[in-house]
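# Residue-level structure breakdown
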Amino acid sequence: MNQARGDCYHDATLKARFSVLASVLAAALLLAGRNVDVTAQAPPAALTYQVIGRDARRPLPARLLANQEMFALDDLARVFELTVREDLAAGGVTVAARGQTIVLSAGQPLASVGGRLVSLGAAPVREGRTWFVPADFISRALALALGTRIDVRRPSRLIVPGDVRVPQVAARLESLGGVARLTLDVSPATPHTVSQEGSRLLVRFEADALDPSLPAVSTVPELVASVHAGEAPTTLVVDLGPRFASFRSADSPGDRGGSRLAIDIAAQTTEAAPANPGPTGPPQLPELPPLLDLAPAGGVRTIVIDAGHGGDDQGATGGAGTLEKTVALSVARRLKGALESRLGVRVILTRDADRSVALDERAAVANNNQADLFISLHANASVRPGIAGAEVFYLSLEAYGEEGQRVAHGDADVLPVFGGGARDIEVTPWELAQARHIEQSAALAQAVDRALREQIPMGPRAIQPAPLRVLIGVNMPAVLVEMAFLTNPQQEKDVATDTFQNAIVQALVNAVVSFRDAPPGAPVLPGAPAAPGTR
Ligand SMILES: [Zn+2]
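Just so we're clear, the structure is a prediction, and the values are computed from it rather than from any experiment. (Residues numbered from 1 in each chain as written. Predicted model: local features only at pLDDT ≥ 70, side-chain atom pairs only at ≥ 80, totals over all residues. Heavy atoms only, no water.)

Moving on, we get to the sheet that holds strand β1 (residues 48-52). The four strands are arranged β2-β1-β13-β12 in an open sheet whose pairing can be described as mixed. Only two strands of the sheet have a single partner each, and these edge strands are β2 (57-61) and β12 (150-153). In this sheet, adjacent strand axes meet at a mean angle of 20° when their direction is disregarded. Judged from the five bridges that link them, β1 and β2 form a sheet pairing that is antiparallel. Bridged to V51 within β2 is R58. On top of the sheet, helix α4 (residues 73-80) reaches β1, β2, β12 and β13 (158-161); it is set at about 170° to β2, its chief contact. Contacts from helix α5 (residues 135-146) reach β2, β12 and β13, with the element oriented near 170° to β12. (Pairing = 2+ DSSP bridges. Helix = DSSP H or I, 4+ residues; strand = E, 2+ residues; numbered from the N terminus. Axes fitted to C-alpha atoms, helices over the stretch in contact; angles between N-to-C directions. Contact = heavy atoms within 4.5 Å.)

Structural data, given as structure tokens:
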């Protein structure tokens, strides 16, 4: 799929995987130097809960009875120091807890606690001489009898009595190009510190224990080798990867009384030198913008790259059979990688496979992800094989309805052109989304044109406003780039090469940087409409 963030950290499987019991196992196995999938290796004791105390944790086995997790009263008696007495005549059982009496009856989803009735999720079950009670017996009846709160946390199989502090810590790891961001959502908010000790970061919480859910595998291994529970029960460990250079952390308020801790882990800013530096002297390192300061307020954080066409819609076809949809996807993928790694921005592709995507859907991907820029990639076609060069388009409302402004692209990107003025076109509010970004789109087009000019041949009408269907609904600065003419035999050959595609990628990265860094209110293109075409 096309999501830049592989958000797979929060599902229940992973939570279960990192139950505290599992963490103990994991710690042991991690010490053996292996990153393991604990679920696969956990013994069937997975139905064991841990009762967290200040100084110790005690196991409490559960059993599945009638699709309910149930606990044996005898086990509860051991852990919570209760006295259980069966009353065979009455068909029930009494539980004495700190002077309070709880009465249970077979077949009744109720408990009487000192004469107060509380409802239970299921009736107690009697097996032989053993009585089983549902989990909410603990949180409702037993807690009431003991005069304290008892949290039964099913996902992590923890039972947390009273004032024991066991914050939930949900970790999420994502790549922002040269930066890995580890986000810890801590609930309830708990004081903590982050410190570096050798090749790891330690996050220490002021708590009695932790209830963590952690990513099973690092998606950014060069910066973060793994995130796991520490030897101390209140510490998380971030094992750093080989490219680690520095980190910084920041706290912010989270949801419902929680807090969010974000730790940015930055890579070394220079890339490794090439293995064979040429005879012409030291290798030239590409000029990289500084990490971690890449997204000033109002800056460029998310970019949507739209590979034109796809699936049944092949777009233009070259004489030798080169397909526009294929070239567009290839450049889009390269561009994503380059933007992510060099600028640390989030990049989303409207398609990352040879599949058809409706034009409205492409705009929706950009709008729904609140992208800051939209770049649509295409290759051109003309009936004249002599025509060559790249062209950059942005949306022009003036261009609507003017026959002469019609883009000679000849594919579905072009709105049907009506005779007469713009009023003849039915424009819905959604379709007007681009209208308020046209100045910025023109500025972006200008930056793209300038950058492309340094890398590849440009066409006779290199930059122009045009009524492009794919751009209309996009609610952010947007351009469409026709990279070359597939109908020109030389260009068809060129556009399929790594050299050409990388040159376009380099140009577009440069264009994004210069657009991003342009002072606000910088002059944009004079709105000169393109001259009538000669295609
Ligand atoms: Zn196209």
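Resuming the write-up.
Turning our eyes to something else, we now look at the environment of V220. Summarising the element assignment, V220 is placed in the loop between β18 (211-213) and β19 (224-229). The buried category is assigned to V220, whose relative accessible area is 1%. For the pair V220 and L176, spaced 44 residues apart in sequence, the C-alpha to C-alpha distance is 9.5 Å. Residue contacts for V220: discarding those within four places in its chain leaves L173, E174, S175 and A180. (Buried < 20%, exposed > 50% of the residue type's maximum accessible area, 1.4 Å probe, protein only.)

It is worth spelling out the pairing of strand β28 (residues 478-485) at this point. Working note: regular strand, side chains alternate between the two faces of the sheet. Buried residues dominate β28, accounting for eight of its eight residues. Pairing between strand β26 (residues 390-395) and β28: three bridges, direction antiparallel. From the neighbouring strand, E391 faces β28, where its bridge partner is E482.

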